[in-house]
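# Structural description and commentary
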Amino acid sequence: MNFTNSLDFALQMDAQDPLAKHKSEFIFPKMNDKPVIYFTGNSLGLQPKTAKTYVDEIMDNWATLAVEGHFHGSKPWWDYQERFAEPLSALVGAKPTEVTVMNTLSVNLNLLMVSFYRPTSKRYKIICEEKAFPSDQYLIQNQIKHHGFDPKDALVEVKRREGEHNFRMEDIVAKIHEVGAEAALVLIGGINYYTGQVMDMENITKAGHAVGAYVGWDLAHAAGNVALELNKWGVDFASWCSYKYMNAGPGSVSGIFVHEKHHHSNLPRFAGWWGHNKERRFLMEPTFDPVHGAEGWQISNLPVLSLAPYLASVHQFASIGMDVLIEKRDKITAYLDFILQEVAREVGGNFEVITPTDPQERASQLSVLLHGEGKTLFHQLMAAGVVVDWREPNVIRLAPVPLYTSYEDVYAFGVILKSCIQHK
Ligand SMILES: *Cc1c(COP(=O)(O)O)cnc(C)c1O
């Protein structure tokens, strides 16, 4: 596609964009009475206008029905989470019984590892990527220690090659084969939070299974951003937070996936009454009889006030579908890349996009190394109404989220960026 660095071109792209109308369904923070250009939807998605309606519904039911809201609310609370199964499973390529919502992401990874990290003296190693998101590093190290092993021995990190920003698929597969029969679990981020690299989840899952390991995915940056086929790929388990691309609000409830092949296998797990056989849950029986499905990993009754904005968002995603999002995602990300190169050329700058250039390996995020620019640039951008994310020493992460970013936003960002660099 031939792009042009002009307002006319950007407006023309917006006029042809089937998603353009959805921008007005979100609430943008304002600066000097103008909506900001929001490039941090990979960190906290914007608020859909419908979120408040869903929350108010629960507040109203609570006010007028109190305890009766559990069974007689307009969306009863006792099975509120079941409303996610259909639309959310469609977004991650799963069957409805394979998906549910509960807790938050790091908690869920810990709970799922109770089932899927069962080390023995021979098979006890966990393979992950180096410099994984800190929470993942902490929880993996501590799971290993909890089972009496030493992370120095049991934690195997796949490295990037010297001087490279991204992982090579062949290195990940080679590492899995090297660990071989000692590999208990492969647990990697589906999209690297720092570089935006999209992993080849299908083939890494295959490689893990080939050596007899379980394979789980942290999909924090993948849910609502890339096409997932968790069932087809045979992934054992996965979890994601809902507040990044899924726009469910700060700290909102996480999603989990457990493949159907494990639904009748009596895997060990931590238990609570919300994972118990639904027909018999309120009989208050003494022995745990788990639901055969992802819901069998539930422990407590759900924080429905926190689920409400997530449901609003899932309904919005379901009405749009991932295909059209992905189509625009690739176009607008490419346009942003083009604009960055144009600005670099005009101001004699050197911006190195460290996100892979292969469209198969990138999604909504571009991570840009700004050679020769410092944090002043970040402050200038923020002051000019562009919300971006800064990582030391000089990386900005830009996420032109297709649901609510216009081509005009991307063009305007280029104008602001250029002016910031010229006036530093
Ligand atoms: C955002 C993110 C998390 C956050 O975990 P919480 O438990 O929701 O705080 C975890 N892992 C990755 C890879 C992330 O990007």
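Thresholds, definitions, all that
- Residues numbered from 1 in each chain as written.
- Predicted model: local features only at pLDDT ≥ 70, side-chain atom pairs only at ≥ 80, totals over all residues.
- Heavy atoms only, no water.
- Helix = DSSP H or I, 4+ residues; strand = E, 2+ residues; numbered from the N terminus.
- Expected span 1.5 Å × (residues − 1).
- Buried < 20%, exposed > 50% of the residue type's maximum accessible area, 1.4 Å probe, protein only.
- Pairing = 2+ DSSP bridges.
- Axes fitted to C-alpha atoms, helices over the stretch in contact; angles between N-to-C directions.
- Contact = heavy atoms within 4.5 Å.
- Patch = residues over 30% accessible without salt bridge, like charges linked within 9 Å, V, L, I, M, F, W, Y side chains within 5 Å.
- Areas by Shrake-Rupley, 256 points an atom, 1.4 Å probe, with all protein chains shown as cover.
- Salt bridge = Lys/Arg side-chain N within 4 Å of Asp/Glu carboxyl O.
- Arc of directions from axis to C-beta.
- Near = heavy atom within 4 Å.
- Polar contact = N/O pair within 3.5 Å; in protein donor to acceptor, adjacent residues only side chain to side chain.
- Nonpolar A, V, L, I, M, F, W, Y, C, P; charged D, E, K, R; others polar.
- Core = buried A, V, L, I, M, F, W, Y, C linked by side-chain atoms within 4.5 Å.
- Parallel < 35°, antiparallel > 145°, perpendicular 65-115°, else oblique.
- Left-handed = near helix turned anticlockwise from the far one by under 90°.
- Phe/Tyr/Trp six-rings, centres within 6.5 Å; stacked < 30°, edge-to-face > 60°.
- Lys NZ or Arg CZ within 6 Å of the ring centre and 35° of its normal.

## Comments concerning helix 14 (residues 407–422)
Given a rise of 1.5 Å per residue, 16 residues ought to cover 22 Å, and the 23 Å separating the end C-alpha atoms of helix 14 matches this to within 8%. Within helix 14, burial applies to Tyr 407, Asp 409, Val 410, Tyr 411, Phe 413, Gly 414, Ile 416, Leu 417, Cys 420 and Ile 421.

## Points about the sheet that holds strand 13 (residues 350–353)
Here four strands make up an open sheet; going across it, the order is 13-14-17-16 and the pairing antiparallel. Whereas interior strands pair on both sides, the edge strands pair on one side only; in this sheet they are strand 13 and strand 16 (389–391). Recorded for the sheet is a direction-independent mean angle of 30° between the axes of neighbouring strands. Pairing between strand 13 and strand 14 (residues 366–371): four bridges, direction antiparallel. Residue pairing for strand 14: Glu 352 is matched across the bridge by Leu 369.

## With respect to the side chain of Thr 195
Take Thr 195: it is sitting in the loop between strand 9 (183–189) and helix 9 (201–210). The class of Thr 195 is buried, set by a relative accessible area of 2%. Once residues lying within four places of it in the same chain are set aside, the contact partners of Thr 195 are Arg 160, His 165, Asn 166, Ile 354, Thr 355, Pro 356, Gln 365 and Ser 367.

## Some details on a nonpolar patch on the surface
A cluster of nonpolar side chains, namely Phe 71, Trp 273, Phe 282 and Met 284, defines an oily patch on the protein surface of about 430 Å² accessible area. Given a relative accessible area of 37%, Trp 273 falls into the partly exposed group.

## Regarding helix 8 (residues 169–179)
Along helix 8, the residues that are buried comprise Asp 171, Ile 172, Lys 175, Ile 176 and Val 179. On an axial view of helix 8, the arc spanned by its buried residues comes to 135°, and they lie on one face. Against the buried residues of helix 8 lie strand 7 (125–129), strand 8 (155–158), strand 9 and helix 9. Looking one or two residues beyond helix 8, the residue adopting positive phi is Gly 180, at roughly 50°.

## Describing the site of the ligand
Taken together, the neighbourhood of the ligand is formed by Leu 105, Ser 106, Phe 133, Asp 136, Asp 218, Ala 220, His 221, Tyr 243 and Lys 244. Note that an oxygen atom of the ligand is positioned 2.5 Å from one of the side-chain N or O atoms of Tyr 243. Between the ligand and Lys 244 there is a distance of 2.6 Å, counted from an oxygen atom to a side-chain nitrogen or oxygen. Relative to its free-state accessible area of 390 Å², the ligand is covered by the protein chains to the extent of 83%. When its residues are assigned to classes, the shell around the ligand shows four nonpolar, two polar and three charged.

## A closer look at the nonpolar core
The biggest cluster of nonpolar side chains holds 99 residues, and the ones touching the most others in it are Leu 88, Trp 217, Leu 230 and Trp 240. It is helix 11 (residues 304–320) that contributes the most residues to this core, nine residues altogether. Contact partners of Leu 88, with chain neighbours within four places excluded, come to Val 99, Val 101, Trp 240, Met 246, Tyr 310 and Val 314. Grouped together as the second largest cluster of nonpolar side chains are 34 residues, Leu 340, Val 343, Val 368 and Val 386 included.

## Notes on the pattern of salt bridges
This model, assessed by the stated rule, comprises 26 salt bridges. One salt bridge in this structure joins Lys 75 and Glu 57, with 2.6 Å as the shortest N-O distance. Taken together, the residues span a long stretch of sequence, with Lys 75 in the loop between helix 3 (69–72) and helix 4 (82–92) and Glu 57 in helix 2 (residues 51–65) at a distance of 18 residues. Lys 75 gets classed as buried once you look at its relative accessible area, which sits at 18%. A salt bridge links Glu 346 to Lys 418, with the shortest nitrogen-to-oxygen separation between them at 2.6 Å. With Glu 346 in helix 12 (residues 322–347) and Lys 418 in helix 14, the pair connects residues that are 72 residues apart, well separated along the chain. Under the relative-accessibility criterion, Glu 346 is labelled partly exposed at 35%. A relative accessible area of 26% means that Lys 418 is categorised as partly exposed.

## Looking at the pairing of strand 7
Looking along a regular strand, one sees the side chains alternate between the two faces of the sheet. The element strand 7 is largely enclosed, with a buried count of five among its five residues. Burial of the side chains of strand 7 extends over both faces: Lys 125, Ile 127 and Glu 129 are buried on one face and Ile 126 and Cys 128 on the other. The pairing of strand 7 with strand 9 spans three bridges and is parallel. Bridge pairing in strand 9 links Lys 125 to Ala 183. As defined by bridge partners, strand 7 adjoins strand 8 across four bridges and the pair is classed as parallel. Bridged to Ile 127 within strand 8 is Val 156.

## A few points about the packing of helix 4 against helix 11
Closest axis-to-axis distance for the helix 4/helix 11 pair is 10 Å, and the angle between their directions is 50°. Judged by the inter-axis angle, helix 4 sits oblique to helix 11. Of the two elements, helix 4 crosses helix 11, and the hand of that crossing is left-handed. For the pair formed by helix 4 and helix 11, the contact residues are Arg 83, Phe 84, Pro 87, Leu 88 and Leu 91 on the first element and Leu 307, Tyr 310, Leu 311, Val 314, Phe 317 and Ala 318 on the second. Residues that form the contact of helix 4 with helix 11 fall into these classes: ten nonpolar, no polar and one charged.

## A few points about the packing of aromatic side chains
One pass over the structure, following the stated rule, counts 23 aromatic pairs. Judged by centre distance (6.1 Å) and plane angle (75°), the ring pair of Phe 3 and Phe 9 falls under edge-to-face. Grouping residues by exposure puts Phe 3 and Phe 9 together as buried. Owing to a relative accessible area of 10%, Phe 9 belongs among the buried residues under this scheme. Site record: aromatic cluster; members linked through ring pairs are Phe 3, Phe 9, Tyr 335, Phe 338 and Tyr 407. A cation over a ring is seen here: Lys 244 above Phe 133, with NZ or CZ 5.1 Å from the ring centre.

Don't take any of this as a statement about function, it's just geometry.
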